[in-house]
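Coordinates in review
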Amino acid sequence: MSRDRTPRTLALILLALLVSGQFLPQWTLFLVTVALAKGLVVLGLMILLRCGLVSFGQALYYCIGAYAAGMLGRLFGASDVFTLMLAGMAAAGLVGFVLGFLLARYRSIFFGLLSLAVSMILYGLLVKTEALGSTDGFHVLPSTLFGLRPADAWVRYTVLAVALLVAFIAALLVHRYLGTPLGRLASAIKDNEIRVEYMGASARHAIHVKYVIAAALAGLGGALAATTVGHIDPEMAYWTTSGEFIFITILAGTGNVIAPFLGALVFGVIQTVAFGISPNTWQMVLGGSLLVVIVFLPNGLWSLFRGRKAA
Amino acid sequence: MKIVNVTHGSFYALGAYAAASITGALLARGMPPSLSYAVLLGSALLVSVIVAPLIERGILRFMYAKDEVVILLITYALFLILEDVIKMIWGVNPYFIAEPYGLLGSFDVLDLTYPYYNLILVGVAIACGAGLAWMLGSTRTGKLLVAVIHDTEVSRAMGINVDRMYLYTFTFGSLLAAIGGAFTAPTVSVVPALGVEVIVLSFAVVVIGGLGSLPGAALGAVMVGLVRSAAIHYLPQAELFVIYLVMAMVLAFRPRGLFSIAEARKI
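Residues numbered from 1 in each chain as written. Chains lettered and ligands numbered in written order. Predicted model: local features only at pLDDT ≥ 70, side-chain atom pairs only at ≥ 80, totals over all residues.

Summing up its helical and strand segments, chain B has 11 helices and 2 strands in all. The helix and strand sequence of chain B, counted from the amino end, reads α-α-α-α-β-β-α-α-α-α-α-α-α. The buried share of chain B, taken over its 267 residues, is 38%. In chain B, once contacts between residues fewer than 6 apart in sequence are set aside, the share between residues at least 24 apart is 71%. (Helix = DSSP H or I, 4+ residues; strand = E, 2+ residues; numbered from the N terminus. Buried ≥ 20, exposed ≤ 12 C-beta atoms within 10 Å, placed from the backbone. Contact = placed C-beta atoms within 7 Å.)

What follows is the structure, encoded as structure tokens:
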């Protein structure tokens, strides 16, 4: 049994990015920050995937988080980045808690499709809500940090630093959670739920808890994305957004809490590069790389690291 | 086949595009408009017979051993690829073929004007549904197919050519999607987003009906259609969301859809 090296690796990555962030060009900062936001969502999906559940509606919480952050700024003029993120997380977590009572009863394809239906309900509502900008969405006010507004040149870096910090804490907590008995129940639920029940554990309760965690993480990611991009629209709840998250989850693999962020970054790079080279066929490149990963790396990108370590 | 197939949306779009462009080209060459219905059907047949076996033999057949959800993702990847293929072939500008629609004119029901073409749509849909039911229930191929879906291994042991059955099923299913697209093409403008929209709608339909159930799918389609029209009529804001609300409600009370097939618990 080797020592747990994940926290140390996480801290090293955090430091490396914090330092190198000061020298990188602005657009890479943006790319990394958006990747971190998506990574948070995927982190939640990873928890669910470990029990064999694939949510095709995680965009629901992503969107709730973003809209909660945006509305808070719009209605109350709140602009502190941590307040916005907490709001997004709380709103998504709350909705996840309520919906969890229903969704925790479903498995496999039905879980996926029901979550899809719920996210499409939100999409349908937002598209028809004139007050919230309908299909155009609305702009999010530039955010501040503890009441301070960073100088223009430093905005991107500050947001990145905040995102890094938040992602670091989230990853660490999730890592700890996965080590607890409740967290370790995941693979048991995936293998055979009835045996889990015979053991005296409640699969439904475990899934409910995981679902709320995943929802809160997605809300956090959504709020972060809203402050980074500065604009939100109903497209964030559309099923293609959920598809993107699933895509990253599969790309990353469920091996470790670092994997989702790595996957999101790789996804962002593929998307940006493919879009830059051929604007009309970037979807094809994405689809192709998804196929390649499923066929050749069934456990995701993370298995590359694992494989080398084992050898 | 126990496959939740996202590429179905692509076949719908492919059928629509093929129908729109082929019919349009033939009409421009002076084909009598009355023949266009046969051309619609023919173009659907053409695309699905070419593209579906290519996908099934080339990619999907290596994937059947994988998890249901993973197969769904594979079809999603294929869907992304096909979307761009469609854009590459037909570009991003909308296509219109109004001739088959306009040719028949319309009639009045009470105060409402109703195009005859929609009757054709209904006819085609009923014919396809009845044909499918007949094929599955009364022909040798159909019965073999049901057996394969029920238990692949035993079917193989009984000497059924499972690979070929899979190929037939996938092609036939895709053909139905393409026909749907081809016959809808005259009533809408054919644009790239066609596949994305239809696939979530059809998911709602099959989930409401119960996955893998033919009468369920028919009932689901009717329900979705009625609910949607009612929503457009009474409460236009709720158009999109009402469909998924119905889907969520049905799943909340009948977790596997209305006409679900009972499944044994595995211990």
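What follows is about the overall build of chain A. Counting its secondary structure elements, chain A contains 13 helices and 2 strands. Over its C-alpha atoms chain A spans a radius of gyration of 19 Å, differing by no more than 12% from the 19 Å that the globule rule assigns to 311 residues. Its C-alpha atoms put chain A at 55 × 45 × 40 Å along the principal axes. Every one of the 311 residues in chain A was classed for burial, and the buried ones make up 50%. A separation of at least 24 residues holds for 81% of the contacts in chain A among residues at least 6 apart in sequence. (Rg over C-alpha atoms; globule rule 2.2 N^0.38 Å.)

The next point concerns the confidence of the model for chain A. A residue-level look at chain A finds 91% of positions with pLDDT of 70 or above and a mean pLDDT of 79. In the model of chain A, helix α13 (residues 302-310) of chain A stands out as the element of lowest mean pLDDT, 61, in contrast to helix α9 (residues 203-229) of chain A, which has the highest, 85. (pLDDT = per-residue confidence, 0-100.)

What follows covers the nonpolar core. Formed by 184 residues in total, the largest nonpolar core has its most connected members in A117(A), A223(A), A204(B) and M247(B). For this core, the element with the most residues is α9(A), which contributes 16 residues. Mapped onto the domain boundaries, this core takes at least three residues apiece from domain 1 (7-192) and domain 2 (197-262) of chain B. With near-sequence residues (within four places) excluded, A204(B) lies in contact with A117(A), V224(B), I243(B), Y244(B) and M247(B). (Core = buried A, V, L, I, M, F, W, Y, C linked by C-beta atoms within 7 Å. Domains from an automatic or database assignment.)

All names here are of chain B. Two elements in contact, helix α2 (residues 36-58) and helix α8 (residues 162-184), have axes whose closest approach is 8 Å; the angle formed by their N-to-C orientations is 145°. Classified by chirality, the crossing of α8 by α2 is right-handed. In this structure, α2 uses L40, L41, S43, A44, L45, V47, S48, V49, A52, P53, E56 and R57 to contact α8, whose residues at the interface are Y166, L167, F170, T171, S174, L175, A178, I179, G181, A182 and F183. Split by residue class, the contact of α2 with α8 holds 16 nonpolar, 5 polar and 2 charged. (Axes fitted to C-alpha atoms, helices over the stretch in contact; angles between N-to-C directions. Left-handed = near helix turned anticlockwise from the far one by under 90°. Nonpolar A, V, L, I, M, F, W, Y, C, P; charged D, E, K, R; others polar.)

The subject of this paragraph is the domain arrangement of chain B. Taken domain by domain, chain B comprises domain 1 (7-192) and domain 2 (197-262). Across the contact, 6 residues belong to domain 1 of chain B and 5 residues belong to domain 2 of chain B.

Now for the packing of helix α5 (residues 116-138) of chain B against α8(B). Axes are the key here: two packed helices are described by the angle between their axes and the distance separating the axes. Residue and element names in this part refer to chain B. Two elements in contact, α5 and α8, have axes whose closest approach is 11 Å; the angle formed by their N-to-C orientations is 175°. Viewed along their axes, α5 and α8 adopt a mutual orientation that is roughly antiparallel. Residues L121, V124 and C128 of α5 form the contact with α8, whose participating residues are L176, I179 and F183. The class makeup of the residues in the contact of α5 with α8 is 6 nonpolar, no polar and no charged. (Parallel < 35°, antiparallel > 145°, perpendicular 65-115°, else oblique.)

This next bit is on the interface of chain A and chain B. It is common to report an interface's size as the accessible area lost on association of the parts. Contacts between the two partners involve 36 residues from chain A, matched on the other side by 33 residues from chain B. Where the side of chain A that touches chain B is concerned, the elements lending two or more residues are α5 (108-127), α10 (239-252) and α12 (282-296) of chain A. Of the residues forming the side of chain A that touches chain B, the biggest block, 15 residues, is contributed by α5(A). Of the residues that constitute the side of chain A that touches chain B, the class distribution is 24 nonpolar, 10 polar and 2 charged.

What follows deals with helix α3 (residues 68-90) of chain B. Helix length check: α3(B), at 23 residues, gives a terminal C-alpha distance of 32 Å against a target of 33 Å (1.5 Å per residue), a fit within 8%. Phi turns positive, to about 75°, at G91(B), one or two residues after α3(B). (Expected span 1.5 Å × (residues − 1).)

Our focus in this paragraph is the environment of D163(B). All names here are of chain B. One can find D163 in helix α8. According to the C-beta neighbour criterion, D163 is partly exposed, with 14 such atoms within 10 Å. Here the alpha-carbon distance between D163 and A252, two residues 89 residues apart in the chain, equals 36 Å.

This brings us to the confidence of the model for chain B. Residues and elements named next belong to chain B. Mean pLDDT over chain B works out to 78, with 86% of the residues at or above the 70 mark. Helix α7 (residues 152-157) holds the highest mean pLDDT among the elements of chain B, 85, whereas helix α4 (residues 99-103) holds the lowest, 64. With a pTM of 0.79, the predicted complex shows an ipTM of 0.74.

Here we take up the environment of A214(A). All names here are of chain A. For A214, the location among the structural elements is in helix α9. According to the C-beta neighbour criterion, A214 is buried, with 28 such atoms within 10 Å. For the pair A214 and G57, spaced 157 residues apart in the sequence, the C-alpha separation amounts to 11 Å. In contact with A214, other than residues within four places in its own chain, are G44, L45, I47 and L48.

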